[in-house]
Amino acid sequence: AAEKAGVHAGDVLTAVEGREVYGTSGYDLFVKMLSESVGQPLTLTLRRGTETIQLPVVPLEKVVDGSSRGYLGVGFTTPTVLRKYGAIEAFGESVRQNWKQAGLLFVTLKKLVTLELSPRTMSGPIDIYRLTGESLREGWIYYLSFMSLVSLQLGIINLLPIPILYGGHIFILLIE
């Protein structure tokens, strides 16, 4: 729907129906307005380069987990901030970020086991390939971040005590 309306990659959404959107509250407002406007035109105010344009767009209907939502086919990114660290600070920040990502993996696994999350949300090699290409198009920082996330998660999953994985072999060897 966004492509048909003329939205381009790199456009910055500044307002929906004249209401400014910025930060988390702006994203929530956008999602709410989108959900309430399925089949009805919304006016998006976009910044494209140095000019500001307004485009009418009609959200399509998408059913997610049994509920109907508006869908445009756009993604959101946050500005990337590069920080420079010394060797010791970089190591500490790396440990913090990896710990945070590992925690998210365990929360996801818990939700899968308790059936709070559908197994359909899991991605396989084809999705990883597609997402790798998308992250590369966004820039090398996004690409490296995505690849490090995938590597960390695969490493942790391989260490789980499941018989066919390395963690299962280690577990059996510890028992022996």
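Caption draft 1: Inspection of the packing of helix H4 (residues 125-138) against helix H5 (residues 140-158) at higher detail. Orientation of H4 relative to H5, taken along the N-to-C sense of each, is 150°, at an axis distance of 7 Å. Considered as vectors, H4 and H5 are oriented roughly antiparallel to each other. Between H4, through Ile-128, Leu-131, Thr-132, Ser-135, Leu-136 and Glu-138, and H5, the contact on the second element is made entirely by Tyr-142, Tyr-143, Phe-146, Met-147 and Val-150. Across the contact of H4 with H5, the residue classes tally to 8 nonpolar, 2 polar and 1 charged.

Caption draft 2: Structural context of unusual backbone geometry. One non-glycine residue, Glu-17, lies in the positive phi region at around 55°. Inspection of the secondary structure puts Glu-17 in the loop between strand E1 (12-16) and strand E2 (19-20). By relative accessible area, which is 39% here, Glu-17 ends up partly exposed. Non-glycine residue Leu-115 carries a positive phi angle of around 65°. For Leu-115, the position within the fold is in the loop between helix H3 (87-113) and H4.

Caption draft 3: Highlighting the pattern of salt bridges. Within the structure shown, the criterion is met by 5 salt bridges. With a closest N to O distance of 3.2 Å, Glu-36 and Lys-32 form a salt bridge. Linking Glu-36 with Lys-32, this pair stays in helix H2 (residues 23-36), spanning 4 residues, or about one helical turn. A salt bridge links Asp-127 to Arg-130; the nearest nitrogen and oxygen atoms lie 3.6 Å apart. With Asp-127 and Arg-130 both in helix H4, this residue pair falls 3 residues apart, about one helical turn. The exposure class assigned to Asp-127 is partly exposed, which follows from its relative accessible area of 26%.

Caption draft 4: Structural view of the nonpolar core. Core analysis: the largest hydrophobic core is formed by 16 residues, its most contacted members being Leu-13, Val-16, Phe-30, Leu-44, Leu-46 and Leu-72. Elements with a contribution of two residues or more to this core: E1, H2, strand E3 (42-48) and strand E4 (51-57). By residue number, the principal contributor to this core is H2, which donates 4 residues. Leave out the neighbours within four places in its chain, and Val-16 touches Val-21, Phe-30, Met-33, Leu-42, Thr-43 and Leu-44.

Caption draft 5: Focus on a nonpolar patch on the surface. On the surface, Leu-159, Tyr-166, Ile-170 and Leu-174 cluster together into a nonpolar patch covering about 490 Å² of accessible area. Overall, the relative accessible area of 69% leaves Leu-174 in the exposed class.

The rules behind these values
Residues numbered from 1 in each chain as written. Predicted model: local features only at pLDDT ≥ 70, side-chain atom pairs only at ≥ 80, totals over all residues. Heavy atoms only, no water. Axes fitted to C-alpha atoms, helices over the stretch in contact; angles between N-to-C directions. Helix = DSSP H or I, 4+ residues; strand = E, 2+ residues; numbered from the N terminus. Parallel < 35°, antiparallel > 145°, perpendicular 65-115°, else oblique. Contact = heavy atoms within 4.5 Å. Nonpolar A, V, L, I, M, F, W, Y, C, P; charged D, E, K, R; others polar. Buried < 20%, exposed > 50% of the residue type's maximum accessible area, 1.4 Å probe, protein only. Salt bridge = Lys/Arg side-chain N within 4 Å of Asp/Glu carboxyl O. Core = buried A, V, L, I, M, F, W, Y, C linked by side-chain atoms within 4.5 Å. Patch = residues over 30% accessible without salt bridge, like charges linked within 9 Å, V, L, I, M, F, W, Y side chains within 5 Å. Areas by Shrake-Rupley, 256 points an atom, 1.4 Å probe, with all protein chains shown as cover.

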